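Here are the chains, one letter per residue:
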Amino acid sequence: MSIIEAFILGIIQGLTEFLPVSSSGHLTIFGHLFGLSGEENLTFTVLLHVATVCSTLLVLWKEIVWIFKDIFSKQSWKTYKDLNDGTKYAINILISMIPIAIVGFCFKDKVEEIFGSGLLIVGIMLFVTALLLAFSYFAKPRQKEHISGWHAFIIGIAQAIAVLPGLSRSGSTIATGLLLGNKKEKLAQFSFLMVIPPILGEALLDVKKIFEVGFTTAMNNISILSAIVGFVTAFVVGCLACKWMINIVKKGKLIYFSIYCACVAIVALVLHFGM
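Residues numbered from 1 in each chain as written. Predicted model: local features only at pLDDT ≥ 70, side-chain atom pairs only at ≥ 80, totals over all residues. Heavy atoms only, no water.

Asker: Help me get a handle on the nonpolar core, residues and values and all.
Answerer: Ranked by size, the top nonpolar core spans 50 residues in total, and within it Ile29, Phe190, Phe192, Leu193, Met245 and Leu254 carry the most contacts. One finds Leu27, Phe44, Ala51 and Ala234 within the second-largest nonpolar core, a separate group that totals 11 residues. (Core = buried A, V, L, I, M, F, W, Y, C linked by side-chain atoms within 4.5 Å. Buried < 20%, exposed > 50% of the residue type's maximum accessible area, 1.4 Å probe, protein only.)

What follows is the structure in structure tokens.
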């Protein structure tokens, strides 16, 4: 992988991790165009995902500090209703992680097999993403002030299903939350925070894999410089995209991304059947 390719993939990851257009789908398409192998593409994809997690931590640091302050403040722990807002928020994030944890522990090998299945699954799932975003755009909002534990679990199921390449994680979770009637301003923030623990957990598992197979084998044709360029690029672009996406969700402009996903889906299918 050249430095230019790493730079381009870093930009793509930084943008598409937060925009509802599927980062994994775009990385698969461009990995195909760049001639990257499945294992090489997967390793680099995980690296870029960690970069965008770091950008989430930076952009939403005030919300993260608020959550931890509330957790460790003096409060009653007798019932859920007695807890302060920050602690309830943290519990809802934990609840949202249950589905993705089940998928990760029980179906990880099957998911990795799907990731290696090429552009066909990407094209199909991008069409599904387009439909989800369209449905959420035309759904009549009820604008609930707080995300409930039950809704957090349903949004978590959407996140677990979105491990399929081409199915946007942010698009699926935000669209699901909107269809459930949750407030736009709260959803983007919750969607970006709930993905931090699963991605960090996946990164730790991949670090273990790197030690098992050896660093050189795991990185394949990716040089240290290319990895650094990709990571830094994804981090910087991710910071900008995260702020942008929060504003986009507030204004309800997701229909444009629905159209975009449909167009990219067609490109993916043309590449699959034509090359």
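Asker: An account of the packing of helix H1 (residues 3–16) against helix H13 (residues 224–251) is needed here, citing residue identities and associated values.
Answerer: Two elements in contact, H1 and H13, have axes separated by 7 Å at closest approach and are oriented at 25 degrees. With respect to H13, the element H1 is oriented roughly parallel. When the axes of H1 and H13 are compared, the crossing they make is right-handed. Seen from H1, the contacting residues are Ile3, Ala6, Phe7, Gly10, Ile11, Gln13, Gly14 and Leu15; seen from H13, they are Leu225, Ser226, Val229, Gly230, Thr233, Ala234, Val237, Gly238 and Ala241. Of the residues contributing to the contact of H1 with H13, the split by class is 10 nonpolar, seven polar and no charged. (Axes fitted to C-alpha atoms, helices over the stretch in contact; angles between N-to-C directions. Helix = DSSP H or I, 4+ residues; strand = E, 2+ residues; numbered from the N terminus. Parallel < 35°, antiparallel > 145°, perpendicular 65-115°, else oblique. Left-handed = near helix turned anticlockwise from the far one by under 90°. Contact = heavy atoms within 4.5 Å. Nonpolar A, V, L, I, M, F, W, Y, C, P; charged D, E, K, R; others polar.)

Asker: Describe in detail the pattern of salt bridges, supporting the description with residues and values.
Answerer: Within the structure shown, the criterion is met by one salt bridge. Between glutamate 17 and arginine 169 there is a salt bridge; the shortest N-O distance is 3.7 Å. Pair noted here: glutamate 17 is in the loop between H1 and helix H2 (23–34) and arginine 169 is in helix H9 (residues 169–179), with a separation of 152 residues, a long-range link. Looking at arginine 169, the relative accessible area reads 13%, which means it is buried. (Salt bridge = Lys/Arg side-chain N within 4 Å of Asp/Glu carboxyl O.)

Asker: Break down the packing of aromatic side chains for me, with residues and values.
Answerer: Aromatic ring pairs are reported here in terms of the distance separating the ring centres and the angle at which the planes meet. Summed over all chains, the structure comprises five aromatic pairs. Geometrically, the ring pair formed by phenylalanine 18 and phenylalanine 192 is edge-to-face, given 5.0 Å between the ring centres and 90 degrees between the ring planes. Taken together, the residues phenylalanine 18 in the loop between H1 and H2 and phenylalanine 192 in helix H10 (residues 184–194) connect sequence positions 174 residues apart. Judged by its relative accessible area of 0%, phenylalanine 192 is buried. Ring geometry for tyrosine 89 and phenylalanine 190: centres 5.6 Å apart, planes at 80 degrees, overall edge-to-face. In this pair, tyrosine 89 sits in helix H5 (residues 85–106) while phenylalanine 190 sits in helix H10, placing the two residues 101 residues apart along the sequence. (Phe/Tyr/Trp six-rings, centres within 6.5 Å; stacked < 30°, edge-to-face > 60°.)

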